[in-house]
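Examining the three-dimensional arrangement
Here are the chains, one letter per residue:
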Amino acid sequence: MNFGIETRTASAKAETSVVTAEKALSFISKGWREVRDSADADFQLMKTRANTFKNLATSFDKELENFLNSATTFSVPAIKSSSSTTTEIDFVKKLQPKFYEFRRVYSSPDFSKKVLEKWSPRARIKLDLSAIRNAMLAEVGDSEKIAEFDEKERLWRGRNLKLDEFWSEWKGEEEEGNHSEWQPIKALKTRFRELEQKSSSSEIFETFKNSEFVEKVKTSLKAMCKEPQDSKEVPPLDVPELLAYLVKQSGPVFDQLGFKQDICHKLVEKFCSKYRSQLLLRSLSSDNSALIENENFNDELDLRIASVVRSTGHCYEGGLWNDSAKPESKDGKRHFAIVTTASLPWMTGTAVNPLFRAAYLANSAQQNVTLLVPWLCKSDQELVYPNNLIFSSPEEQEIYIRNWLEERVGFKADFKISFYPGKFSKERRSILPAGDTSQFISSKEADIAILEEPEHLNWYHHGRRWTDKFNHVVGVVHTNYLEYIKREKNGALQAFLVKHINSWVTRAYCDKILRLSAATQDLPKSVICNVHGVNPKFLKVGERVAEERGRGQQAFPKGAYFLGKMVWAKGYRELIDLLSKHKNDLEGFKLDVYGNGEDAHEVQSSAKKLELNLNFLKGRDHADDSLHGYKVFINPSVSDVLCTATAEALAMGKFVICADHPSNEFFRSFPNCLTYKSSEDFVAKVREALETEPQPLTAEQRYNLSWEAATQRFMEYSELDRILKLGERGNRKSSKTKKNITKSVSLPNLNEMVDGGLAFAHFCLTGSEILRLATGAIPGTQDFSKQHCEDLHLLPPHVENPIYGW
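Remarks on the overall build of the chain
- In terms of helices and strands, the chain carries 36 helices and 14 strands.
- A total of 806 residues make up the chain; the buried ones form 43% of that total.
- Taking the contacts inside the chain whose residues are at least 6 apart along the sequence as the reference set, 74% of them involve residues at least 24 apart.
- Carbon together with sulfur atoms contributes 54% to the accessible area of the chain, which is approximately 45300 Å² in total.

This is how it looks when you write it as structure tokens:
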């Protein structure tokens, strides 16, 4: 029984061993199939890479053959026996590669074999055959198969050798018997032998010295060694130029702190005074030198900075606060939009002068003009317009304006008149815009804007920025508001606030500011120039007076007079003080006063109380025939910016007695203008005017007073003539304009960014009704009223600009 158990146990073990052997053989067979498939894939990859290497060698062989053929065609020039030439040839000889050092390498018969063995392609899939080998040792025990397997494993897996290790291994081996070499390697070794034979002589290198390639290399080296001034590249900025530009761009900050603009200009000039000549040469070429002949030093610095930034490839297209996509003017005439704060029949400077400006700009037939004036409701018309003139519609008021203008200029002016909503402020005695005034100029006509009294128009402006909608914005300052405000209660504090607000809004909304005289506040971007002329009717009166005097007739039978709106700020306080102080010195002197106004009763009461010899008459037009016979016009006002009545009196050939004040600077060149510096001097000038006759005006003096001359000065000082010329060049696509350096496109301007920030802040603040009322705005002027909508045929604000919400 035990024997049977042992027999079954032995048979079970035998069966188990047989099953194990079968499994081992099956595993080995499966492993060999995988290894065979992997080996086939590896050999296929090796074949592909060998073909690639063969193509590469063939390409290299062709390039080498071309090089050798070109080298054999070199001509050997006669070499002069000079020491410098001999030295140069010896130096070139030293550069010859020693090919015999590499001969043992490339001439080795095992070169092809080593390349295939050492640089053979590796299989991407690496198998660890150690497990298979161990199984074979355990189950089969065939040492010959194991040795054969190890050899194949070594060939398949290979060993990773670096290039220098491989190079040192086969470089030192001795040449052995003839072996089959790879054909590309054999051809490569043959070419190297031929090259070595040619390199044994100096033929190649002596010819190479005078080849075209060497000449090009020498030329390139000379170009690299050029001095900066000879190079076409723009040199970088130096420290003084950077400091100068920093000071220049900090102008808005210095201006808000109270520093004068002259200080910044002097600092800029001080930093760059030593580099002025170099700066001109760096910025522009000789062809463009004429462009900066009339430019100032700041423009030259801008061009220098722009040229450097442009050379780096940077292009500034606008951003932050400014709108880079401004409307471009189409071919044809340019469009001028003149926006003013008053309108006829209110006889004030901001109603009359912009009207004449529009007429003479349109008369030149070079541009289309639109005059934008305020429209007042009937309740406000009763407070503003004289002689109870009331218009029921804008069309009716437009007819009145055109008739008045044509009667004085003598020609029919072809320009458009539009109206915007306005409200009259009794406290300020002026008209304030209601709503966004810029929306009443269509985008098609939004080219050039002329803002008459820009500070006044923009105190409470809540709308689109003028400089964003228009290509160029010019502001004309008419009124010295600071002088008026100082006369009010808490005038010093109010004047301080208004001064900075005026600088704020003019900087934010204008590109250029024209101040009629130095009597006005010093504003950023401003220049001083009288851009107002005289009604042609007054010049005709002056010509007639000169003819009468030429015939021996008495042209001025009357004495002295004063004309102006009867408010204390218009010079009535100064007039009463002068006459009361020198009442005895001017005994028998009588003065006729023409004017109406809010302070008429107080002015007349003060004169009567002081027993002054003043004859008060109702206000009338200065061109009235009753005023032509006066010989002397007295104007002691120091609050005016540029008194229109003074210019009209000079045009009629009269004497003018006025204060020695910046507002009268323009009139000093006329011999009939008598200025005084003290009250005693005033008395002397009055006696001189009454005892002598005025001199007739010359042709040049009459022209300087005319609107033709004023229009010419306006175009020049506002830079509009330059802008129009540049526009014409752009339409003709002239090549000269293309060479100009555009500063605004090359780099951002800190001034423009600051101005844009100020405009954005002003827009946010004027959107608050509480802040508007706190600063003196009329209630409800953020948008136009219902009455304005009916009169001007406008959509209500809530319909035109709806506010969507829950």
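Considering the packing of aromatic side chains
- Following the criterion strictly, the structure yields 19 aromatic pairs and no others.
- Seen from their ring centres, W459 and Y481 are 5.1 Å apart, and the 65° between their planes marks the pair as edge-to-face. Residue W459 is located in the loop between α19 (454–458) and α20 (466–469), and its partner Y481 is located in helix α21 (residues 481–485); the two are separated by 22 residues in the primary sequence. One exposure class covers both W459 and Y481, and it is buried.
- Their ring planes at 75° and their centres at 5.1 Å tell us that F562 and Y572 sit as a pair that is edge-to-face. Residue F562 is located in strand β9 (residues 558–563), and its partner Y572 is located in helix α24 (residues 572–581); the two are separated by 10 residues in the primary sequence.

Side note on the environment of L383
- Secondary-structure assignment places L383 in helix α17 (residues 378–384).
- Put simply, L383 and F424 are 41 residues apart on the chain and 8.1 Å apart in space, counted from C-alpha to C-alpha.

Focus on the packing of helix α16 (residues 349–363) against helix α18 (residues 394–409)
- One way to put it is that α16 packs onto α18 with a least axis distance of 11 Å and a crossing angle of 70°. By the criterion of interaxial angle, the relationship of α16 to α18 is roughly perpendicular. On α18, the residues that touch V352, L355, F356, A359 and Y360 of α16 are I401, W404, L405, R408 and V409.
- Classifying every residue of the contact of α16 with α18 gives nine nonpolar, no polar and one charged.

Things to note about the pairing of β9
- Looking at chain direction, β9 and strand β12 (residues 630–635) are connected through three bridges and run parallel. Across the sheet, residue Y561 finds its bridge partner in β12, namely F633.
- In this structure, β9 lies alongside strand β10 (residues 591–594), joined through four bridges in parallel fashion. The partner of A560 across the bridge, within β10, is L591.
- You can see the chain leave β9, run along α24 and come back into β10, and the turn it takes is right-handed.

Section: the nonpolar core
- If you look at the biggest cluster of nonpolar residues, it comprises 78 residues, and the most contacted ones within it are F336, L405, F415 and F714.
- Not counting residues within four places of it along the chain, the set of residues in contact with F336 comprises L361, Q367, N368, V369, T370, I448, I450, M715, L720 and L724.
- Counting residues in each nonpolar core, the second largest holds 29 residues, with F562, V632, F655 and Y676 among its members.

Let's talk about the sheet that holds strand β2 (residues 367–375)
- Sheet architecture is open: eight strands sit in the order β4-β3-β2-β1-β5-β6-β7-β8, paired in mixed fashion. The strands lining the two open edges of the sheet, one partner per strand, are β4 (430–433) and β8 (526–528). Put simply, the sheet's adjacent strands are angled 30° from each other on average, direction ignored.
- Of the strand pairs in this sheet, strand β1 (residues 334–339) and β2 are connected by six bridges, and their pairing is parallel. If you follow I338 over to β2, its bridge partner there is L371.

Concerning the pattern of salt bridges
- Using the criterion set out here, one finds 18 salt bridges in the structure.
- R408 is paired through a salt bridge with D621; the nearest N and O atoms lie 3.0 Å apart. Placement of R408 in helix α18 and of D621 in the loop between β11 (614–617) and β12 is noted, with a sequence separation of 213 residues between them.
- We note a salt bridge from R429 to D599, for which the minimum N-O separation is 3.7 Å. Taken together, the positions of R429 in the loop between β3 (416–425) and β4 and D599 in the loop between β10 and α25 (600–609) put the pair 170 residues apart, joining distant regions of the chain.
- A relative accessible area of 10% means that D599 is categorised as buried.

Remarks on the pairing of strand β5 (residues 448–452)
- β5 sits mainly inside the fold: five of its five residues count as buried.
- Covered by surrounding structure in β5 are I448, I450 and E452 together with A449 and L451, the residues of both alternating faces.
- Relative to β5, β1 runs parallel, the two being bridged by four bridges. Each residue of the ladder has a partner; that of A337, found in β5, is A449.
- With five bridges joining them, β5 and strand β6 (residues 472–477) adopt parallel strand pairing. Along β6, the bridge assignment pairs I450 with V474.

Things to note about the confidence of the model for the chain
- In this model, the chain carries an average pLDDT of 75, and 63% of its residues clear a pLDDT of 70 or more.
- For the stretch residues 155–179, pLDDT sits under 50, and the model shows 39 contacts to residues farther than four places along the chain or on other chains.
- Across residues 319–325, confidence stays below pLDDT 50; counting only partners more than four residues off in sequence or on other chains, it has 15 contacts.

Re the sheet that holds β9
- Pairing in this open sheet of six strands is parallel, and the strands run β11-β10-β9-β12-β13-β14 from one edge to the other. Here the strands that pair on one side only, and so sit at the sheet edges, are β11 and β14 (673–676). On average, each strand axis in the sheet is tilted by 25° relative to the strand beside it, whichever way the strands run.
- Here strand β13 (residues 655–659) pairs with β14 via four bridges, running parallel. Note that in β14 the partner of A659 across the bridge is Y676.
- Seen against the sheet, helix α26 (residues 644–651) touches β9, β12, β13 and β14 and runs at an angle of roughly 160° to β12.

What to know about α26
- With respect to burial, α26 is a largely interior element, seven of its eight residues being buried.
- Buried residues belonging to α26 abut α23 (536–550), β9, β12, β13, β14 and α28 (699–705).
- Phi turns positive one or two residues past the end of α26, at G653, with a value near 85°.

Looking at the packing of helix α22 (residues 491–509) against helix α33 (residues 750–766)
- At a minimum axis separation of 8 Å, α22 and α33 run at an interaxial angle of 115°. Crossing geometry of α22 relative to α33 is assigned as left-handed. Mapping the contact onto sequence places W504, V505, R507, A508 and Y509 in α22 and D755, L758, A759, A761, H762, F763 and L765 in α33.

Considering the environment of A337
- Relative to the elements of secondary structure, A337 occurs in strand β1.
- C-alpha separation for the pair A337 and I441, spaced 104 residues apart in sequence, amounts to 7.5 Å.

Observations concerning the side chain of Q701
- Of note, Q701 is situated in helix α28.
- Those residues within four positions of Q701 in sequence are excluded, and the remaining contacts are F670, P671 and P696.

What counts as what
- Residues numbered from 1 in each chain as written.
- Predicted model: local features only at pLDDT ≥ 70, side-chain atom pairs only at ≥ 80, totals over all residues.
- Heavy atoms only, no water.
- Helix = DSSP H or I, 4+ residues; strand = E, 2+ residues; numbered from the N terminus.
- Buried < 20%, exposed > 50% of the residue type's maximum accessible area, 1.4 Å probe, protein only.
- Contact = heavy atoms within 4.5 Å.
- Areas by Shrake-Rupley, 256 points an atom, 1.4 Å probe, with all protein chains shown as cover.
- Phe/Tyr/Trp six-rings, centres within 6.5 Å; stacked < 30°, edge-to-face > 60°.
- Axes fitted to C-alpha atoms, helices over the stretch in contact; angles between N-to-C directions.
- Parallel < 35°, antiparallel > 145°, perpendicular 65-115°, else oblique.
- Nonpolar A, V, L, I, M, F, W, Y, C, P; charged D, E, K, R; others polar.
- Pairing = 2+ DSSP bridges.
- Right-handed = clockwise from strand over helix to strand, strands pointing away.
- Core = buried A, V, L, I, M, F, W, Y, C linked by side-chain atoms within 4.5 Å.
- Salt bridge = Lys/Arg side-chain N within 4 Å of Asp/Glu carboxyl O.
- pLDDT = per-residue confidence, 0-100.
- Left-handed = near helix turned anticlockwise from the far one by under 90°.

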